[in-house]
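Below are the chains, spelled out letter by letter.
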Amino acid sequence: MIDVYSWATPNGHKVHIMLEETGLEYKAHAINIGAGDQFTPEFLAISPNNKIPAIVDSDGPKSADGKPFSLFESGAILIYLAEKTGQFLPADPAGRYATLQWLMFQMGGIGPMLGQAHHFRVYAPEPIPYAIDRYTKEAGRLYGVVDRRLADRPFTAGDYS
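Keep in mind the model is a prediction, meaning the values are calculated, not measured.

Engineer: Is there a simple way to explain the overall build of the protein chain in this structure?
Structural biologist: On a plain count of helices and strands, the protein chain comes out with 5 helices and 4 strands. Counting all 161 residues of the protein chain, 34% fall into the buried class. In the protein chain, of all internal contacts separated by at least 6 residues, the share reaching a separation of at least 24 is 54%. A total accessible area of about 9600 Å² is found for the protein chain, and carbon and sulfur atoms account for 58% of it. Considering the protein chain, the positive charge centre built from 14 side chains and the negative charge centre built from 18 side chains are found 7 Å apart.

Here it is in structure tokens:
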């Protein structure tokens with residue numbers, strides 16, 4: 001059984017989607033980031049960076065002290081779940097690294113840059129034109145990268161992405 005600690009954010013959603021798609025049994029635990037749940041000692045024991053999502057896999061490898069396996073960071077969780085189930089991460093090196101590079105692109109580019117663009121365009125308490133312009137342009141550039149990649153294939157990598 002996997003316990004997933006998360007909230008309704010893009011990073012949280014992608015782990016829930018992966019759990020659904022792999023068919024693994026899991027139990028969801030809401031970590032209300034608006035209320036500060038991510039700063040509780042119990043959650044920090046699982047996710048020391050106080051970010052969601054995080055998982056605890058009671059059927060996974062045991063930690064050095066014999067406790068159930070816990071993992072934080074959405075990309076690490078996706079890779080772990082793919083390897084645990086043998087799904088979505090090709091075994092052949094070319095397919096595997098193509099998939100991993102697009103995962104890293106999402107984690108290092110799409111996620112943070114679009115998050116900043118939406119923050120400064122919609123949620124910032126006051127408009128900061130430089131930030132709005134910078135992140136809007138970078139979001140557009142990244143969308144262009146994805147559009148070019150998808151011009152001749154149905155997925156960015158593999159059979160599902």
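Further notes follow.
Engineer: I would appreciate a short explanation of the sheet that holds strand β2 (residues 26-30) in the present structure.
Structural biologist: The pairing of strands in a sheet comes from backbone hydrogen bonds and takes either a parallel or an antiparallel form. What the 4 strands build is an open sheet, ordered β2-β1-β3-β4; its pairing is mixed. The two strands at the open ends of the sheet, each matched to only one other strand, are β2 and β4 (69-72). Ignoring strand direction, the axes of neighbouring strands in this sheet form an average angle of 20°. Sheet topology places strand β1 (residues 2-6) next to β2; 5 bridges connect them, and they run parallel. When the bridges of β2 are listed, S6 appears paired with A30. Its contacts with the sheet place helix α1 (residues 10-22) against β1, β2 and β3 (54-57), and it is angled at close to 155° to β1. Against the sheet, helix α3 (residues 74-85) touches β1, β3 and β4, its axis set at about 135° to β4.

Engineer: I would appreciate a short explanation of the packing of α1 against α3 in the present structure.
Structural biologist: Geometrically, a packed helix pair is captured by the angle between its two axes and the distance between the axes. Packing of α1 against α3 leaves a shortest axis separation of 10 Å and a crossing angle of 5°. As the angle between them shows, α1 and α3 are arranged roughly parallel. Along its contact with α1, which presents N11, K14, V15, M18, L19 and T22, the element α3 presents S74, I77, L78, L81, A82 and T85. Partitioned by chemical class, the residues of the contact of α1 with α3 number 7 nonpolar, 4 polar and 1 charged.

Engineer: Is there a simple way to explain α1 in this structure?
Structural biologist: Structurally, the α-helix is built with 3.6 residues per turn, so residues lying three or four positions apart point the same way. With 13 residues, α1 should reach 18 Å at 1.5 Å per residue; the first-to-last C-alpha distance of 18 Å fits that figure. Restricting attention to buried positions, one finds in α1 the residues G12, K14, V15, M18, L19 and T22. For α1, the angular spread of buried residues about the axis comes to 165°, placing them on one side. Exposed side chains of α1 directed beyond 90 degrees from the buried face belong to P10 and E20. Buried residues belonging to α1 abut β1, β2, β3, α3 and α4 (93-123). Looking one or two residues past α1, G23 carries a phi angle of roughly 80°, positive in sign.

Engineer: What's the story with the packing of aromatic side chains in this structure? I'm lost.
Structural biologist: The description of two aromatic rings rests on the distance between their centres and on the angle between their planes. Taken as a whole, this structure holds 3 aromatic pairs when the rule is applied. Where F69 meets Y80, the ring centres are 5.0 Å apart and the plane angle is 35°; that geometry is what we call tilted. Placement of the pair is F69 in strand β4 and Y80 in helix α3, with a sequence separation of 11 residues. Between W102 and F105 the ring centres are 5.1 Å apart and the planes differ by 70°, which places this aromatic pair in the edge-to-face class. With W102 and F105 both in helix α4 and 3 residues apart, the pair spans about one turn of that helix. Judged by relative accessible area, W102 falls into the buried class, the value being 15%. A cation over an aromatic ring shows up here: R134 above the ring of Y135, its NZ or CZ 5.0 Å from the ring centre.

Engineer: Whenever I open this one, the nonpolar core confuses me. Can you help?
Structural biologist: Taken as a class, soluble globular proteins show a tendency for nonpolar side chains to be buried jointly. Among the nonpolar cores identified, the biggest contains 15 residues, and V15, L19, I55, I77 and L81 are the most heavily contacted of them. Contributions of two or more residues to this core are made by β1, α1, α3 and α4. Sort the elements by how many residues they give to this core and α3 lands first, with 5 residues. The contacts of I77, once residues within four sequence positions are left out, are V15, P53, A54, I55, L71 and F72. Counting 10 residues, the second-largest nonpolar core is a separate cluster that includes L114, F120, A124 and A131.

Quick notes on the rules
Residues numbered from 1 in each chain as written. Predicted model: local features only at pLDDT ≥ 70, side-chain atom pairs only at ≥ 80, totals over all residues. Heavy atoms only, no water. Helix = DSSP H or I, 4+ residues; strand = E, 2+ residues; numbered from the N terminus. Buried < 20%, exposed > 50% of the residue type's maximum accessible area, 1.4 Å probe, protein only. Contact = heavy atoms within 4.5 Å. Areas by Shrake-Rupley, 256 points an atom, 1.4 Å probe, with all protein chains shown as cover. Lys, Arg positive; Asp, Glu negative; His and termini not counted. Charge placed at Lys NZ, Arg CZ, Asp CG, Glu CD. Pairing = 2+ DSSP bridges. Axes fitted to C-alpha atoms, helices over the stretch in contact; angles between N-to-C directions. Parallel < 35°, antiparallel > 145°, perpendicular 65-115°, else oblique. Nonpolar A, V, L, I, M, F, W, Y, C, P; charged D, E, K, R; others polar. Expected span 1.5 Å × (residues − 1). Arc of directions from axis to C-beta. Phe/Tyr/Trp six-rings, centres within 6.5 Å; stacked < 30°, edge-to-face > 60°. Lys NZ or Arg CZ within 6 Å of the ring centre and 35° of its normal. Core = buried A, V, L, I, M, F, W, Y, C linked by side-chain atoms within 4.5 Å.

Note that all results are geometric; they support no functional claim without further evidence.
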